[in-house]
Amino acid sequence: GPGRVLWLSGQEVDVGRVVFEIRGYGVTVWREAYAGWTAGQAFVGGWDRPEWFLLRDFVGAGTPQLLVGDAQRWQLFSLDDGVKLAEGNGLVLGPTVSDTDQGPGLLISNESQVTLLPPGSGRFAFATLALSGLTDPGQSMRSNASGLGTRVVAQTASRWQVLGNASTAAMPGQNLLPVTVGLGSADALAAVTLDWSDGVYQTEIDLGPGLHAITET
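Residues numbered from 1 in each chain as written. Predicted model: local features only at pLDDT ≥ 70, side-chain atom pairs only at ≥ 80, totals over all residues. Heavy atoms only, no water.

So, about the overall build of the chain. Across its full length, the chain holds zero helices and 20 strands. Burial statistics for the chain: of 217 residues in total, 43% are counted as buried. Total accessible area on the chain stands at roughly 11100 Å², and carbon and sulfur atoms take up 52% of it. (Helix = DSSP H or I, 4+ residues; strand = E, 2+ residues; numbered from the N terminus. Buried < 20%, exposed > 50% of the residue type's maximum accessible area, 1.4 Å probe, protein only. Areas by Shrake-Rupley, 256 points an atom, 1.4 Å probe, with all protein chains shown as cover.)

In structure tokens:
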């Protein structure tokens, strides 16, 4: 049908494959199911056309939310029920991590100033993973020194999250930010499995809130 579509694979954030359809003043989320694609939540932003998207867990629930906006404003929506969780003015430059147990904040450009919007109150706790790769000359193996390309699978008592530091935004890119994992109602991540870019698998257990520096072994 009419409208502009944007493909985003949600496999890296545990929501399945989704397509965002931009039409008029809103965005519709299409989800892939066994019987085909079905239209899900519709988000009305109140602007002419949203220009960018970001899937990320900002509240620590263990599932991602949809951050959408343009050069003048942004809004954050729940993917589960379409509820608007937050909004603001300015161009979002990207997420940043300043508080390792409270999850990501936002860097926002507004007129001639760049400001940090820190994590708000009422969030679940986060475990933050700072990854560091390793070179093994004897095995002719090497992973990225900053952990780029590492696939992270985090398990709590009732949920699996598949993450990584490849961008889940509507544009290509990588970043050096640590990986933030929402704990939801759990006290800690029961296990974290890392698939490093050189093919090495590694498991860490019982990671609570806060920063964890993980070096490939």
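Let's pick the thread back up.
Empty space within the second largest pocket amounts to approximately 270 Å³. For the second largest pocket, the lining is made up of 16 residues, of which Phe58, Leu76, Ala86, Gly120 and Arg123 are closest to its centre. Elements that contribute at least two residues to the lining of the second largest pocket include exactly strand 7 (73-78), strand 8 (84-89) and strand 10 (103-110). Considering every element that reaches the lining of the second largest pocket, the biggest residue donor is strand 10, with three residues. When grouped by side-chain class, the residues that make up the lining of the second largest pocket number eleven nonpolar, four polar and one charged. (1 Å grid on protein atoms, 1.4 Å probe; cavity = no way out; pocket = protein on both sides within 12 Å on 5 of 7 lines; lining within 4 Å. Points joined across faces, edges and corners; volume = space filled by probe spheres on them. Nonpolar A, V, L, I, M, F, W, Y, C, P; charged D, E, K, R; others polar.)

For the rest of this paragraph, the subject is the nonpolar core. Within the largest apolar cluster, 16 residues are counted, with the highest numbers of intra-cluster contacts made by Leu129, Leu131, Leu189 and Val192. Elements supplying a minimum of two residues to this core: strand 12 (126-132), strand 15 (151-155), strand 17 (179-182) and strand 18 (189-195). With near-sequence residues (within four places) excluded, Val192 lies in contact with Leu129, Val152, Val153, Ala154, Gln202, Thr203, Glu204 and Leu207. Of all hydrophobic cores here, the second largest spans nine residues; its members include Leu54, Phe58, Leu76 and Val92. (Core = buried A, V, L, I, M, F, W, Y, C linked by side-chain atoms within 4.5 Å. Contact = heavy atoms within 4.5 Å.)

With mixed pairing, the three strands of this open sheet are ordered in space as 17-12-20. In the strand order of this sheet, the two ends are held by strand 17 and strand 20 (210-215), each with one partner. This sheet shows a mean twist of 25 degrees between the axes of neighbouring strands, independent of strand direction. Where strand 12 lies against strand 20, six bridges are found, and the strand directions are parallel. (Pairing = 2+ DSSP bridges. Axes fitted to C-alpha atoms, helices over the stretch in contact; angles between N-to-C directions.)

What follows is about the environment of Arg151. Tracing the backbone shows Arg151 in strand 15. The spatial distance from the C-alpha of Arg151 to the C-alpha of Gly164 is 4.8 Å, given a sequence separation of 13 residues.

In a beta sheet, neighbouring strands pair by backbone hydrogen bonds and run either parallel or antiparallel. A sheet is described by the order of its strands in space; here three strands give the open sequence 9-10-11, paired in antiparallel fashion. Either end of the sheet is taken by a strand with one partner, and the two such strands are strand 9 (91-99) and strand 11 (113-117). Across the sheet, the axes of successive neighbouring strands diverge by a mean angle of 30 degrees, strand direction being ignored. Looking at chain direction, strand 10 and strand 11 are connected through five bridges and run antiparallel. Opposite Leu107, over in strand 11, you have Leu116 as the bridge partner.

Relative to the assigned elements, Gln202 resides in strand 19 (residues 201-207). Gln202 gets classed as buried once you look at its relative accessible area, which sits at 5%. The sequence separation of Gln202 and Ile214 amounts to twelve residues, and the corresponding C-alpha distance is 9.9 Å. When near neighbours in sequence (up to four residues on either side) are disregarded, Gln202 contacts Val192, Thr193, Leu194, Trp196, Ile214, Thr215, Glu216 and Thr217.

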